[in-house]
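Inside the fold
Below are the chains, spelled out letter by letter.
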Amino acid sequence: MKRSQLVAALILAALFVWAMASGMSSASPQSRQFRELPDARPSRQFPLGTDDLGRDRLSRVLYATRVSLLLAPAAALMATLLAAVIGGIAGYFGGWWDKCAVAVIDLLLSLPWFFLLLAARALLPLNAPPLASLLVTYGLLSMLGWAGPARVIRAGVRRLRESEFALRARAEGCGSLRLLSRHLIPNLKPVLLAQIWTTIPVFILSEANLGLLGLSAGEPYPTWGGLLRDLQNPLSIRPEAFAPLAVIVIAVACFNLATPRGGLTT
Amino acid sequence: MRAILHILTRRIGAMLLLLLAGGLLTALMVRFSPGFETDERELDPRLSQSSRLSLEKQRAADGDAANLANRFARMVFHADLGESPSLKRPIGELLRERLPVTAEIMAIGVIGGWTLAFALAMASVLSRRLVVRGLTASSQQVLICLPAAALAIVVFDIGGPVRALVALIICPRVFDFLRNLLHEAYQQPHILAARAKGLGEFAVWAKHVMPYAAPQLFALAATSVSIAFGAAIPVEALCDLPGIGQLAWLAATARDLPLLVVITLLVIAVTQACNMVSDWAALRRVDA
């Protein structure tokens, strides 16, 4: 592991621990209102001040960090698993399986990612409870974000299928299921891992964009995108309103830097 | 030449199939989405029972499979784009009005983004100073970590040039590829030899580096059109620019089936056409 990868992973771990720990010990939870202190300036009690409803900004940023650092990797994992199944079947069996999978992948990739996401999100209920809308948003990311990784995994499986060890395993009577589970998938682990790591920042940024357009989770659940909506009012912008943006940049940069640069082991 | 024609014919066929599949898929997605059965106009207390019933009938007719297929066929074979139920205007007229705005934003974005990325990549490859390399790479790293919508809001708030915003979104997405490609080109033995023999930097770039990198650059150029449209949606929606991106946003939030299908088809057609042109250009260069 390179030094930059190690530093990025440590920063991410520290951010995650801070966000999780604040949820357990915070005296001012993200939805508690201090009605006598709306729009308060940063102070010892509120290091990032309060928003226009008198809620502690720091607690809300940390809560949103917890949500994104838990749900974005989960969604990326689901998308990669979906990609592994579709790309694996297409690459291993070939023929019509491959043609159908490639057609769907081409269709999904021919549409701009954000347009596809926006259209699909707007078709789902917009007035769902906040927790449900949060899960819907990340569920949608995982259901639509598999096409890119599937193409990479399909290519990897095709290459491995023709490799010498796979040919020898087949010649010795190894069945398709055993070949996939014992030989091909273990060799694809670095590719799968790289796909998960590269998908996480894409999902974080997509959620932030959707949140800014009002299509992510509703109040009172704070998300990074939802918190950035404070920037839409130019009259009330203060430096502390940029805190969510700074955290997004740090988290996405760390994910980009920490991405393992592994390839196939053959 | 025959091989190129064969590939292009296949691409046109695939594009037409993709257009059909994309249109049908979008129509089906909207038709079976939760909430298609509801209409916010029914919440209006001023409406009588008969008005509500007629709204229900109209919606049932809109969602009918035969009606959908008929509308889709009219659109494909008679170029009749229909009317937008949410904006109450012909879709063709809406597109004609808004296309120039999006075309301008995307053109500025693609050309500006590529020019900026190319300049930074050249500086990074040709400079021997670590500071220059570090600054170019880190500036792109920061830009790529910013959500497009947040960038749009900040630039809009400070009164910056919002129409040029897409360039800042495209630049970091092509920079890494450009830098690696140019670095690879400058490491080629014939280019090293040309530089060692004293050929000027511009001549090396124009006569040796660009011909080497061109096919891959054409391929990347097509994908940046798709990135530009994706970036134009939040930029237009948040900065109140009346373009196709804002129209897509309005159509999606209003569940406007005909408008959404037409925009999806338009987007697929444009991205596929760009892919085809880039493939053709790249193949011509390889063929030459």
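Scroll up to find the structure.
Everything quoted here is computed from the prediction, not taken from an experiment. (Residues numbered from 1 in each chain as written. Chains lettered and ligands numbered in written order. Predicted model: local features only at pLDDT ≥ 70, side-chain atom pairs only at ≥ 80, totals over all residues.)

Side note on the overall build of chain B
Definition in use: Labels follow the DSSP assignment, with helices taken as runs of H or I lasting at least four residues and strands as runs of E lasting at least two, numbered in each case from the N terminus. Counting other C-beta atoms within 10 Å of a residue's own tells you its class, since 20 or more makes it buried, 12 or fewer makes it exposed, and anything in between is partly exposed; those C-beta atoms are placed from the backbone. The contact rule is simple: place each C-beta atom from the backbone, and if two of them lie within 7 Å, those residues are in contact.
A tally of helices and strands in chain B yields 11 helices and 2 strands. Looking at chain B residue by residue over its 288 residues, the buried ones come to 31%. Counting only contacts in chain B whose residues sit at least 6 apart along the sequence, the fraction spanning at least 24 positions is 73%.

Some details on the packing of helix α4 (residues 91-126) of chain B against helix α5 (residues 130-144) of chain B
A pair of packed helices is characterised by two quantities: the angle between their axes and the separation of those axes. All names here are of chain B. The condition that has to hold: Only the stretch in contact is used when fitting a helix axis, every axis being a line fitted to C-alpha atoms; angles between N-to-C directions are given from 0 to 180 degrees. By the definition used in this description, the sense in which the near helix is turned from the far one sets the handedness, with an anticlockwise turn below a right angle giving left-handed and a clockwise turn giving right-handed. Three classes are used, and their members are as follows: Ala, Val, Leu, Ile, Met, Phe, Trp, Tyr, Cys and Pro are nonpolar, Asp, Glu, Lys and Arg are charged, and the others, Gly among them, are polar.
Running from amino to carboxyl end, α4 crosses α5 at an angle of 145°, the nearest separation of the two axes being 8 Å. Classified by chirality, the crossing of α5 by α4 is left-handed. Together, L120, A123 and S124 of α4 and V132, R133, T136, A137 and Q140 of α5 make up the contact between the two elements. The residue makeup of the contact of α4 with α5, split by class, is 4 nonpolar, 3 polar and 1 charged.

Some thoughts on the nonpolar core
Taken as a class, soluble globular proteins show a tendency for nonpolar side chains to be buried jointly. For clarity, the threshold we go by: One nonpolar core equals one set of buried Ala, Val, Leu, Ile, Met, Phe, Trp, Tyr and Cys residues connected by C-beta atoms within 7 Å.
Within the largest apolar cluster, 129 residues are counted, with the highest numbers of intra-cluster contacts made by F115 and L118 of chain A together with A150, V166, A228, V235 and A248 of chain B. Once residues within four sequence positions are removed from consideration, V235 of chain B is found in contact with I105, A148, A152, V162, L165, V166, L241 and G245 of chain B.

Some points on α4 of chain B
Heads up, the condition is: One less than the residue count of a helix, multiplied by 1.5 Å, gives the span that helix is expected to have. In this analysis the local bend is the angle between axes fitted, respectively, to the seven residues ending at and the seven residues starting at the residue.
Spanning 36 residues, α4 of chain B covers 50 Å between terminal C-alpha atoms, matching the ideal 52 Å at 1.5 Å per step. The largest bend along α4 of chain B reaches roughly 35° and is located at R98 of chain B, with the proline P100 of chain B sitting one to four residues downstream.

Things to note about the interface of chain A and chain B
With 30 residues of chain A at the interface, the matching set in chain B holds 37 residues. Among the secondary structure elements, those contributing two or more residues to the side of chain A that touches chain B are α3 (95-110), α4 (113-123), α8 (176-212) and α10 (243-258) of chain A. Looking at the side of chain A that touches chain B element by element, the count peaks at 8 residues for α4 of chain A. Broken down by class, the residue content of the side of chain A that touches chain B amounts to 26 nonpolar, 3 polar and 1 charged.

A short note on the environment of P29 of chain A
On the secondary structure map, P29 of chain A appears in the loop between α1 (3-25) and α2 (57-93). Residues P29 of chain A and L58 of chain A, spaced 29 residues apart in sequence, show a C-alpha to C-alpha distance of 9.6 Å.

Some details on the environment of L160 of chain A
Take L160 of chain A: it is sitting in helix α6 (residues 147-161). Along the primary structure L160 of chain A and G226 of chain A are separated by 66 residues, whereas in three dimensions their C-alpha atoms are 44 Å apart.

Quick word on the packing of α4 of chain B against helix α10 (residues 244-253) of chain B
Residue and element names in this part refer to chain B. Rule in force here: Angles are sorted into four bins: roughly parallel if under 35 degrees, roughly antiparallel if over 145, roughly perpendicular if 65 to 115, and oblique for all others.
Closest axis-to-axis distance for the α4/α10 pair is 7 Å, and the angle between their directions is 130°. Accordingly, the angle class assigned to the pair α4 and α10 is oblique. Residues L94, R98, L99 and T102 of α4 form the contact with α10, whose own contacting residues are I244, G245 and L247. In terms of residue class, the contact of α4 with α10 is built from 4 nonpolar, 2 polar and 1 charged.

A short note on unusual backbone geometry
Residue and element names in this part refer to chain B. Within the chain, K88 stands out as a residue other than glycine whose phi angle is a positive 55°. With respect to the helices and strands, K88 occurs in the loop between β1 (83-84) and β2 (89-90). Of note in this structure, D240 is not a glycine but carries a positive phi near 55°. By secondary structure assignment, the location of D240 is in the loop between α9 (201-238) and α10.

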